[in-house]
Amino acid sequence: MMQNSELAYRRVLLKLSGEALMGEGDYGIDPGVILRIAGEIHELLEAGLEIGLVIGGGNIFRGAGLAQGGMDRVTGDHMGMLATVINSLAMQDALEKQGSKCRVMSALQINQVCEDYIRRRAVRHLEKGRIVIFAAGTGNPFFTTDSAASLRAIEMGVDIMLKATRVDGIYTDDPLKNPDAKRYDRIGYDEAINKKLAVMDATALVLCRDQGMPLRVFDLQTAGNLRRVVTGQEVGTLVE
């Protein structure tokens, strides 16, 4: 059992892509993957870490992609927001099966399935030892879930924002396409923005930079990495 004294942080915001829930599939949610992730998060909650989550919807819908196919961008983005609600409810169920107390709070009003997002209430949930999953992005079109994660991290006053990806940090180029790409251990926000390293969209990076919010990008597919990050180990890339 992990102990509170091992934790390097008091409160964190974890950003998961929708694709992280697919496993080896091409679409949807892999039950085995979501249960594994939920198990790792539950262990940290039991140790006393306060945790907020933002989950993308790319495993179901991408508003920008739909817009490129001819759909109205605002309509597409609203569909993408609803996809994040689906993923958030799935994660809530997985976490509750582990024994965690969890609340889904939506930036869109969907009162029959989750709570409305109210900042003070969200902070209170975290203080009471409940995981809070922030769904539906910012509630506005043209903003990604990366931007929503940055915004919620700042609003919740977390110690660090964690972005879980399929690669082990930020590289000079796409490591899946360029084997010569070099990984950064640390990088500044301005450098990441200027070099367009695509770790997050520019709006999200600027929000974190301007509010002094540190960001760590790491590989969630490697079991135990989340625990390593929150205990202060040098995993992935730190952006500050």
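Residues numbered from 1 in each chain as written. Predicted model: local features only at pLDDT ≥ 70, side-chain atom pairs only at ≥ 80, totals over all residues. Heavy atoms only, no water.

Caption draft 1: Layout of the packing of aromatic side chains. A full pass over the atoms with the stated rule returns one aromatic pair. For the pair Tyr117 and Phe134, a centre-to-centre distance of 5.7 Å together with 75° between the ring planes defines the contact as edge-to-face. On the criterion of sequence distance, the pair formed by Tyr117 in the loop between strand S4 (115-116) and helix H4 (119-127) and Phe134 in strand S5 (residues 131-135) is long-range, its members being 17 residues apart. Of the residues examined, Phe134 reaches a relative accessible area of 3% and is grouped as buried. (Phe/Tyr/Trp six-rings, centres within 6.5 Å; stacked < 30°, edge-to-face > 60°. Helix = DSSP H or I, 4+ residues; strand = E, 2+ residues; numbered from the N terminus. Buried < 20%, exposed > 50% of the residue type's maximum accessible area, 1.4 Å probe, protein only.)

Caption draft 2: Highlighting the side chain of Glu50. Position of Glu50 among the secondary structure elements: in strand S2 (residues 50-55). Polar side-chain contacts of Glu50 include one of 2.6 Å to the side chain of Arg11. The contact partners of Glu50, leaving out residues within four places of it in the chain, are Arg10, Arg11, Val12, Leu126 and Glu127. (Polar contact = N/O pair within 3.5 Å; in protein donor to acceptor, adjacent residues only side chain to side chain. Contact = heavy atoms within 4.5 Å.)

Caption draft 3: Region of interest: unusual backbone geometry. In this structure, Phe142 takes a positive phi of about 75° despite not being glycine. Summarising the element assignment, Phe142 is placed in the loop between S5 and helix H5 (145-156). Judged by relative accessible area, Phe142 falls into the exposed class, the value being 52%. You will see that Lys196, though not glycine, has its phi angle at about 50°, which is positive. When you line up the elements, Lys196 lands in the loop between helix H6 (189-194) and helix H7 (202-210). Exposure remark for Lys196: the relative accessible area of 73% places this residue in the exposed category.

Caption draft 4: Quick look at the sheet that holds strand S3 (residues 102-106). The sheet built from nine strands is open, its strands ordered S4-S3-S5-S2-S1-S6-S10-S11-S9 with mixed pairing. Bordering the open sheet on either side are S4 and strand S9 (186-187), each of which pairs with just one other strand. H5 contacts strand S1 (11-16), S2, S5 and strand S6 (160-165) of the sheet and is inclined by roughly 175° relative to S1. (Pairing = 2+ DSSP bridges. Axes fitted to C-alpha atoms, helices over the stretch in contact; angles between N-to-C directions.)

Caption draft 5: Highlighting the environment of Ala136. Counting through the fold element by element, Ala136 comes out in the loop between S5 and H5. Here the alpha-carbon distance between Ala136 and Tyr117, two residues 19 residues apart in the chain, equals 9.7 Å. Residues contacting Ala136, with those up to four places away along its chain left out, are Met81, Thr84, Val85, Ser106, Ala107 and Leu108.

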